[in-house]
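Overview (structure and organization)
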Amino acid sequence: MNEAGKNKGFSLIELVVTIAVMGIVVLISVNLFWMIQKADVESTTEHIDTALSSLRSKTLSKGNEYMMRIEPDGSNVCKVEILEKASIINDDGSVTEGDWKVLESQKLKEAEVSGSDGAGNEVTIKDGCMIEIQCSKSNGSFTRAEVIKADATKLSIVQINITKSERNKAIKLVIPTGRHYID
């Protein structure tokens, strides 16, 4: 028999091994994709939770007015900021409230952030919408927790939701105490 007649293509074993290797590569890729999605949701949740703790701590310890704001910062990306209400001391010694100034700012991982009122109403933070939260100087309770929509209407919220590719986390706000927890 000549040399050309012996080589008729791939053997069944070579084909099975190739398909098995491709299956393993696909499986690893899918698992990595889901791990990245989960890490983005967890990271965003932790940053918002830390900002809420910082807001409450600053409000109780420094006696000034502070606010936490979550707003869009690009395509499907938000930022969380801690702001302080500036006080201006006039020449006559009187105090005038000034604008809010940013003390801390953190860009969040790519994930959808929304606020909900616990009664089924939910607003996603995008296109001019934002979440603003303030605490009481006397006891740290949440005095204001709301989504401000693009048309300036407001929705009082009790929960902040973080979602990416079917991965979900929620931060529950306990309004009377100023406490919050990850659900």
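Model, not experiment: these values are computed from the prediction. All residue numbers refer to position in the chain's written sequence, counted from 1. Restriction of local features to residues with pLDDT of at least 70 applies here, the model being predicted, together with a cutoff of 80 or more for giving and counting side-chain atom pairs; totals for whole chains, interfaces and linings are based on all residues. Hydrogens and waters are ignored; side-chain quantities use all the structure's heavy atoms.

What follows is about the overall build of the protein chain. Counting from the N terminus, the helices are DSSP H or I runs at least four residues long and the strands are E runs at least two residues long. Broken down by element type, the protein chain carries two helices and 11 strands. When the helices and strands of the protein chain are placed in sequence order, the string is α-α-β-β-β-β-β-β-β-β-β-β-β. Only C-alpha atoms enter the radius of gyration, while the globule expectation follows 2.2 Å times N to the 0.38, with N the number of residues. By the compact-globule yardstick of 16 Å for 183 residues, the protein chain is too spread out, its C-alpha radius of gyration being 26 Å. Structurally, the protein chain occupies a C-alpha span of about 110 × 35 × 35 Å along its principal axes. Relative accessibility thresholds used throughout: buried, under 20% of the residue-type maximum; exposed, over 50%; partly exposed, between the two (1.4 Å probe, protein chains only). Across the 183 residues that make up the protein chain, the buried fraction comes to 37%. Of the roughly 11,100 Å² of accessible surface on the protein chain, a fraction of 54% belongs to carbon and sulfur atoms. In summary, the charge assignment counts Lys and Arg as positive and Asp and Glu as negative, without counting His or the chain termini. We put the charge of a Lys on NZ, of an Arg on CZ, of an Asp on CG and of a Glu on CD. Put simply, the protein chain has 22 plus and 26 minus side-chain charges, and the middle of one group is 4 Å from the middle of the other. Each accessible area is a Shrake-Rupley estimate made with a 1.4 Å probe; only the visible protein chains count as cover when residues are assessed.

On to the confidence of the model for the protein chain. In the predicted model, the protein chain carries a mean pLDDT of 88, and 95% of its residues have values of at least 70. Ranking the helices and strands of the protein chain by mean pLDDT puts strand β7 (residues 142-148) first, with 95, and helix α1 (residues 3-6) last, with 60. What pLDDT expresses is the predictor's confidence in each residue, scored from 0 to 100.

We define the nonpolar core as a collection of buried residues of types Ala, Val, Leu, Ile, Met, Phe, Trp, Tyr and Cys that are connected through side-chain atoms lying within 4.5 Å of one another. Ranked by size, the top nonpolar core spans 29 residues in total, and within it I48, M68, I70, I131, I133 and I160 carry the most contacts. Where this core is concerned, the elements lending two or more residues are α2 (12-62), β1 (66-72), β2 (78-89), β6 (130-135), β7, β9 (159-164) and β10 (167-174). In contact with I133, other than residues within four places in its own chain, are L52, L55, Y66, M67, M68, F142, R144, A145, I160 and L173. Here, residues are in contact when the closest pair of their heavy atoms is within 4.5 Å.

Bringing the pattern of salt bridges into the picture now. Only one rule defines a salt bridge in this text: a Lys or Arg side-chain nitrogen within 4 Å of an Asp or Glu carboxyl oxygen. Counted according to the given criterion, the structure contains 11 salt bridges. The partner of E132 in a salt bridge is R144, with the nearest N and O atoms 2.6 Å apart. In this pair, E132 is assigned in strand β6 and R144 in strand β7, connecting sequence segments 12 residues apart. On the basis of relative accessible area, E132 is assigned to the buried category, the value being 7%. When the shortest N-O distance is used, the salt bridge between K154 and E146 registers 3.8 Å. The exposure class of K154 is exposed, given its relative accessible area of 53%. Put simply, R69, E132, R144, E146 and K154 are held in one network by salt bridges that share partners.

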